[in-house]
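A look at the structure
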Amino acid sequence: NHLGGVQPFTDASNVVWSVVATWLMAKRYREQWFCWICVNITGIAMWTMATLANEGPGLSSLAMWLAFFVNSLYGVYKWSVKYHRAKLLREAKVW
């Protein structure tokens, strides 16, 4: 609250999880998408509260976080499809 933030711990944890998700993305782990989903849900919650309290650019930021959330759901779907296809190809080569 020293700098005027109303949710400093939520915002800080969102930053930490974003760094973790970015590291997982750089290492090409599929689990990165689940981190991004958590980050996006937290961001949506923060900006929903800010929008309801009429603080800052709430509505536009909320729309951005919703778009990020949809993107992370699409990402987990696409990576899962590719993972299962690759697994089926590996299993087919065994025989």
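Refer to the structure above for everything that follows.
Throughout what follows, the structure given in this document is the object of discussion. (Residues numbered from 1 in each chain as written. Predicted model: local features only at pLDDT ≥ 70, side-chain atom pairs only at ≥ 80, totals over all residues. Heavy atoms only, no water.)

Thoughts on the overall build of the protein chain
Put simply, the rule reads: Here a strand is any run of E in DSSP of at least two residues, a helix any run of H or I of at least four, and the numbering for each starts at the N terminus. Only protein chains enter the calculation, and the probe is 1.4 Å; a residue is then buried if its accessible area is under 20% of its type maximum, exposed if over 50%, and partly exposed in between. Contact between two residues is taken to exist if any of their heavy atoms lie within 4.5 Å; hydrogens are not considered. For the accessible areas, the method is Shrake-Rupley and the probe is 1.4 Å, while residue cover comes only from the protein chains on display. The positive count covers Lys and Arg only, the negative count covers Asp and Glu only, and His and the chain ends enter neither. Every charge is mapped onto a representative atom, which is NZ of Lys, CZ of Arg, CG of Asp or CD of Glu.
Across its full length, the protein chain holds 3 helices and 0 strands. The secondary structure elements of the protein chain, listed N-terminal to C-terminal, are α-α-α. Of all 95 residues assigned to the protein chain, the portion counted as buried reaches 24%. In the protein chain, once contacts between residues fewer than 6 apart in sequence are set aside, the share between residues at least 24 apart is 54%. Accessible surface for the protein chain amounts to roughly 7100 Å². Of this, 69% is attributable to carbon and sulfur atoms. Taking the average place of the 9 positive charges on the side chains of the protein chain and the average place of its 4 negative ones, the gap between the two points comes to 19 Å.

Regarding helix α1 (residues 8-26)
Rule in force here: Any helix carries an expected span of 1.5 Å times its number of residues minus one. It is the directions from the helix axis to the C-beta atoms that the arc portrays.
Taking 1.5 Å of rise per residue, 19 residues should cover 27 Å, and α1 covers 27 Å from first to last C-alpha, within 8% of that figure. All of the buried residues along α1 are Asn 14, Ser 18, Ala 21 and Leu 24. Projected down its long axis, α1 shows its buried positions confined to an angular sector of 125°, all on one face. Those residues of α1 that are exposed and angled more than 90 degrees off the buried face are Phe 9, Val 16, Val 19 and Ala 26. Phi turns positive one or two residues past the end of α1, at Arg 28, with a value near 65°.

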